[in-house]
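What follows is each chain in one-letter form.
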Amino acid sequence: MKLIKEFENKKVLVLGLAKSGESAAHLLDKLGAIVTVNDGKPFDENPTAQNLLEAGIRVICGSHPLDLLDEEFSLVVKNPGIRYDNPMVEKALAKGIPVWTEVELAYLISEAPIVGITGSNGKTTTTTMIAEVLNAGNKPAKLCGNIGFPASSVAQEATEKDTLVMELSSFQLMGIDSFHPHVAVVTNLMPTHIDYHGSFEEYVAAKWNIQYRMTADDFVVLNFNQDLAKELATKTQATVVPFSTMEAVDGAYVQDGVLYFKGEAIMAADEIGVPGSHNVENALATIIVAKLSGVDNQAIKETLAHFGGVRHRLQALGEINGIKFYNDSKSTNILATQKALSGFDNSKVILIAGGLDRGNEFDELVSDIQGLKHMVILGESAPRVKRAADKAGVPYIDATDVKDATAKAFELAQEGDVVLLSPASASWDMYKNFEVRGDEFIVAFEALKGE
């Protein structure tokens, strides 16, 4: 890591903990900053804060006292989930104090070049694909960012021979200043997180921050299936390399079922190890990054062919009696489930769907679920999902939870069928998060397999 001097003896406030806040606090302390950590969770219930205090870092827990900002802080590093209308953030900005997220710190200390991946859907899969392909091609890559490994921790271990493959959320990208990836990937842009950003335009602006400091020597990889991406391509200094499943472009594309890069055939689309049209898009973006990084075609092809997906994102669990099981618990919205279904023959799919009721109907899903063999429906949103199933003419049964749904789906399935958990709903009506929901599906699968 670069032992930069700009924080020496500077007062820095780390606002909010979790993994990224803890990592930022330790790093700033190592760089000589005078660190204060402020977290809303009470100290006696906050083992992370306790550990930081033991390390000699000042912690203030249980509330966010506004008068704390009357101290002469040079910088605030905030948890990405803390909104900009939070009183602490508003006061810091009003006082002219820069407010960053910890990915900015990661950039400042990193000896390794950065490949940054953002977008509305497919970020995690594309990030993981890229890292696996680079590593297979003898280009050492380290996963980090919004994928569970704080960038400011991973950057401390990376050398100039490595590449940081960094998943980036819109929340993280709002808190950057000099952050400058060598390659930026935008998988796609759909209306989401509007409650945080206020409008789709503001959300897009946050995502587009990724290329703010890039030059013509850098590369921005854009999805030309979207007119919005074509428009954004005219608004960057970086060299644009597009991908598309709909037309031949000066980048990566599909033609007659084959994936190409600038006229060079790489592999057949149906050889990709995970199903779905969205995974073809993810693979095209990955191919671009791999080719820009000097990875040979054989390494690209073999890695993408054996790619098993990301945990909870169209994760192939295996087969029981010729019935395949896929865990797509991360599909917490209609679009994600539409993309998941695109990879299968509906007549052979038993779909498990439903979860948190956000008040929306599922009419957009009707055309995608037509022809399904059966549905198993659960959760608060069940009445709305059933209305969509009725419109599509799909038979369905109820389930009490994911374990029950998995058992019932298995009873309905025959050899050659697919049991797909892709809820099109968030998990919070029954489960702490989509990971817990997906883990229950995995456990249920293993139990059925063992019977």
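The following paragraphs examine the structure supplied in this document. In this text the structure is predicted, and so the values were computed from the model without any measurement.

All right, on to the overall build of the chain then. Secondary structure summary: the chain contains 17 helices and 20 strands in total. What you see for the chain is a C-alpha radius of gyration of 23 Å, in line with the 22 Å of a compact globule of 451 residues. Oriented by its inertia axes, the alpha-carbon framework of the chain measures out at about 65 × 55 × 40 Å. Within the chain, buried positions represent 55% of all 451 residues. The contacts of the chain with a sequence gap of at least 6 include a subset with a gap of at least 24, amounting to 64%.

A word on the pattern of salt bridges. As enumerated under the stated definition, the model contains 20 salt bridges in all. With a closest N to O distance of 3.0 Å, Lys-262 and Asp-250 form a salt bridge. With Lys-262 in the loop between strand S13 (258-261) and strand S14 (264-268) and Asp-250 in the loop between strand S11 (239-244) and strand S12 (252-255), this pair connects stretches of sequence that are 12 residues apart. Assessed through its relative accessible area of 55%, Asp-250 is described here as exposed. Where salt bridges share partners, they join Asp-357, Glu-361, Arg-384 and Arg-387 into one cluster.

Taken in spatial order, the 6 strands make up an open sheet running S15-S16-S20-S17-S18-S19, and their pairing is mixed. Bordering the open sheet on either side are strand S15 (315-320) and strand S19 (396-398), each of which pairs with just one other strand. Averaged over neighbouring strand pairs, the angle between their axes works out to 20° when direction is ignored. The pairing of S15 with strand S16 (residues 323-327) spans 5 bridges and is classified as antiparallel. Each bridged residue has a counterpart across the sheet, and for Glu-319 the counterpart in S16 is Lys-324. Sheet strands touched by helix H16 (residues 402-412): S15, S16, strand S17 (349-353), strand S18 (374-377), S19 and strand S20 (418-421). Its angle to S17, the strand with the most contacts, is close to 165°. Running over the sheet, helix H17 (residues 434-450) touches S15, S16, S17 and S20 and is turned about 20° from S15.

Moving on, we get to the pairing of strand S7 (residues 141-145). In this structure, S7 lies alongside strand S8 (residues 163-167), joined through 5 bridges in parallel fashion. Bridge assignment links Ala-141 to a residue of S8, and that residue is Thr-163. Since S7 and S8 lie parallel, the crossover through helix H6 (residues 151-157) that links them has a hand, and here it is right-handed.

All right, on to the packing of aromatic side chains then. Taken as a whole and judged by the stated rule, the model has 9 aromatic pairs. Ring centres of Phe-325 and Phe-445 lie 5.0 Å apart, and the angle between their planes is 55°; this geometry places the pair in the tilted category. Separated by 120 residues along the polypeptide, Phe-325 in strand S16 and Phe-445 in helix H17 bring together distant segments of the chain. The class of Phe-325 is buried, set by a relative accessible area of 1%. Judged by its relative accessible area of 1%, Phe-445 falls in the buried class.

Next up on the list: the sheet that holds S7. To summarise the sheet geometry, strands pair through backbone hydrogen bonds and adopt either a parallel or an antiparallel arrangement. Read from one edge of the open sheet, 9 strands run S7-S8-S6-S9-S10-S11-S12-S13-S14, paired in mixed fashion. Bordering the open sheet on either side are S7 and S14, each of which pairs with just one other strand. Strand-to-strand twist of the sheet, defined as the mean angle between neighbouring strand axes without regard to direction, takes the value 25°. With 4 bridges connecting them, strand S6 (residues 114-118) and strand S9 (residues 183-186) associate as parallel partners. Counterpart to Val-115 in the pairing with S9 is Val-183.

With respect to the helices and strands, the residue Thr-236 is situated in the loop between helix H10 (227-232) and S11. A polar contact of 2.7 Å, which involves the side chain of Thr-236, links it to the side chain of Gln-211. Within the structure, Thr-236 has its side chain in polar contact with the backbone nitrogen of Ala-238 (distance 3.1 Å). If we skip the residues at most four places from it in the chain, Thr-236 touches Trp-208, Gln-211 and Val-220.

Across soluble globular proteins, nonpolar side chains show a tendency to be buried alongside one another. Among the nonpolar cores identified, the biggest contains 56 residues, and Phe-7, Leu-28, Val-37, Leu-164 and Met-166 are the most heavily contacted of them. Among the elements that line this core, the one with the most residues is helix H4 (residues 102-109), at 5 residues. Non-local contacts of Val-37, meaning those with residues more than four positions away in its chain, are made with Val-14, Leu-17, Ala-25, Leu-52, Ile-57, Arg-58, Val-59 and Ile-60.

About the thresholds
- Residues numbered from 1 in each chain as written.
- Predicted model: local features only at pLDDT ≥ 70, side-chain atom pairs only at ≥ 80, totals over all residues.
- Heavy atoms only, no water.
- Helix = DSSP H or I, 4+ residues; strand = E, 2+ residues; numbered from the N terminus.
- Rg over C-alpha atoms; globule rule 2.2 N^0.38 Å.
- Buried < 20%, exposed > 50% of the residue type's maximum accessible area, 1.4 Å probe, protein only.
- Contact = heavy atoms within 4.5 Å.
- Salt bridge = Lys/Arg side-chain N within 4 Å of Asp/Glu carboxyl O.
- Pairing = 2+ DSSP bridges.
- Axes fitted to C-alpha atoms, helices over the stretch in contact; angles between N-to-C directions.
- Right-handed = clockwise from strand over helix to strand, strands pointing away.
- Phe/Tyr/Trp six-rings, centres within 6.5 Å; stacked < 30°, edge-to-face > 60°.
- Polar contact = N/O pair within 3.5 Å; in protein donor to acceptor, adjacent residues only side chain to side chain.
- Core = buried A, V, L, I, M, F, W, Y, C linked by side-chain atoms within 4.5 Å.

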